[in-house]
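Survey of secondary and tertiary structure
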Amino acid sequence: MTGIGRVLVVVYGILALAATGRSVYQIMDHFQVAPVAFTLSAFSAVIYIVATIALIAPGRTWYRVAWTTISIELAGVLIIGTLSTFAPAAIGMAAIDPFGDDSTVWSAYGAGYLFIPLVLPVLGMLWLAKHRPVASSSSTAAEA
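Now for a quick tour of the structure. Quantities reported herein were computed from a predicted structural model and do not represent experimental measurements.

Glancing now at the overall build of the protein chain. Assigned secondary structure in the protein chain consists of five helices and zero strands. Each helix and strand of the protein chain, placed in order from N terminus to C terminus, yields the pattern α-α-α-α-α. Along the first, second and third principal axes, the C-alpha atoms of the protein chain reach 60 × 25 × 25 Å. The buried share of the protein chain, taken over its 144 residues, is 40%.

Okay, here's the thing in structure tokens:
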């Protein structure tokens, strides 16, 4: 993996670390404040970790895992972003503050993370669409 693909993996890795750190802190320090939001924060961390691994790992199976996790990520940021903006109480948030104690990585469409969570899955999908795994000669012979 070179060029833009490498940058994509690095950004996914950084977001995985940020989401993991945030969710661990939120759950350990004040889970009772917004349990739904903090559970979603932990879920987003898992999605980012698996997506990072899937983008690095070779093969068709990991390619499918990458598509799946990045699709879940895009759906998550759109759904949680919309709920946190228009109905924050629906996910246990007190207000629409992307930097608040009860916000998640996906709150307000990732505003607390410079909207990277909103843009990243789109870039990931574009990259995946242009970099399909090459079928090996043994799998091509097996399919014939």
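There's plenty left to go through after this.
With respect to the helices and strands, the residue His 30 is situated in helix α1 (residues 4-30). For His 30, the contacting residues outside a window of four places in its chain are Tyr 25, Phe 38 and Asp 101.

For Tyr 109, which is not glycine, the phi torsion reads 60° and is therefore positive. Structurally, Tyr 109 is set in the loop between α3 (60-86) and α4 (116-130).

The next thing to look at is a nonpolar patch on the surface. Together, Phe 115, Val 119, Val 122, Leu 123 and Leu 126 make up a nonpolar patch on the protein surface, roughly 430 Å² of accessible area in all. When its relative accessible area of 40% is taken as the criterion, Val 122 is described as partly exposed.

Among the nonpolar cores identified, the biggest contains 29 residues, and Tyr 12, Tyr 48, Leu 55, Ile 70 and Leu 128 are the most heavily contacted of them. Put simply, the parts of the chain that give this core at least two residues each are α1, α2 (35-56), α3 and α4. Apart from the residues lying within four places of it in its own chain, the contact partners of Tyr 12 are Tyr 48, Ala 51, Thr 52, Leu 55, Ile 70, Glu 73, Leu 120 and Pro 121.

The next subject is the packing of α1 against α2. Between α1 and α2, whose axes approach to 8 Å, the crossing angle comes to 155°. Taken together, the axes of α1 and α2 are roughly antiparallel relative to one another. In the crossing of α1 with α2, the sense of the turn from one axis to the other is left-handed. For the contact of α1 with α2, the per-class residue count stands at 15 nonpolar, eight polar and one charged.

Quick notes on the rules
For every chain, the first residue of the written sequence is number 1, and numbering continues from 1 along that sequence. For a predicted model such as this one, the threshold for reporting local features is a pLDDT of at least 70, and the threshold for listing and counting side-chain atom pairs is 80 or more; totals across whole chains, interfaces and linings nevertheless cover every residue. Note that water and hydrogens are dropped before the side-chain values are worked out from all heavy atoms of the structure. Helix and strand definitions follow DSSP, with helices as H or I runs of at least four residues and strands as E runs of at least two, each counted in order from the N terminus. Burial classes follow relative accessibility: with a 1.4 Å probe on protein chains only, a residue under 20% of its type's maximum area counts as buried, one over 50% as exposed, and anything between as partly exposed. Throughout, a contact is declared for two residues whenever any of their heavy atoms are within 4.5 Å. Patch membership requires over 30% relative accessible area and the absence of a salt bridge. Like charges are linked within 9 Å, and nonpolar side chains (Val, Leu, Ile, Met, Phe, Trp, Tyr) within 5 Å. Here, Shrake-Rupley sampling with a 1.4 Å probe gives the accessible areas, and only protein chains in the shown set may cover a residue. Salt-bridge detection follows one rule: a side-chain nitrogen of Lys or Arg within 4 Å of a carboxyl oxygen of Asp or Glu. Put simply, a nonpolar core is a bunch of buried Ala, Val, Leu, Ile, Met, Phe, Trp, Tyr and Cys residues held in one set by side-chain atoms that sit within 4.5 Å of each other. Fitting a line to C-alpha atoms yields each axis, with helices limited to the stretch in contact; the angle taken between N-to-C directions then spans 0 to 180 degrees. Any angle that falls under 35 degrees is termed roughly parallel, while one over 145 is termed roughly antiparallel, one within 65 to 115 roughly perpendicular, and all others oblique. Crossing handedness is read from the near helix: turned anticlockwise from the far helix by less than a right angle, it gives a left-handed crossing, and turned clockwise, a right-handed one. Basically, the charged four are Asp, Glu, Lys and Arg, the nonpolar ten are Ala, Val, Leu, Ile, Met, Phe, Trp, Tyr, Cys and Pro, and anything else, Gly included, counts as polar.

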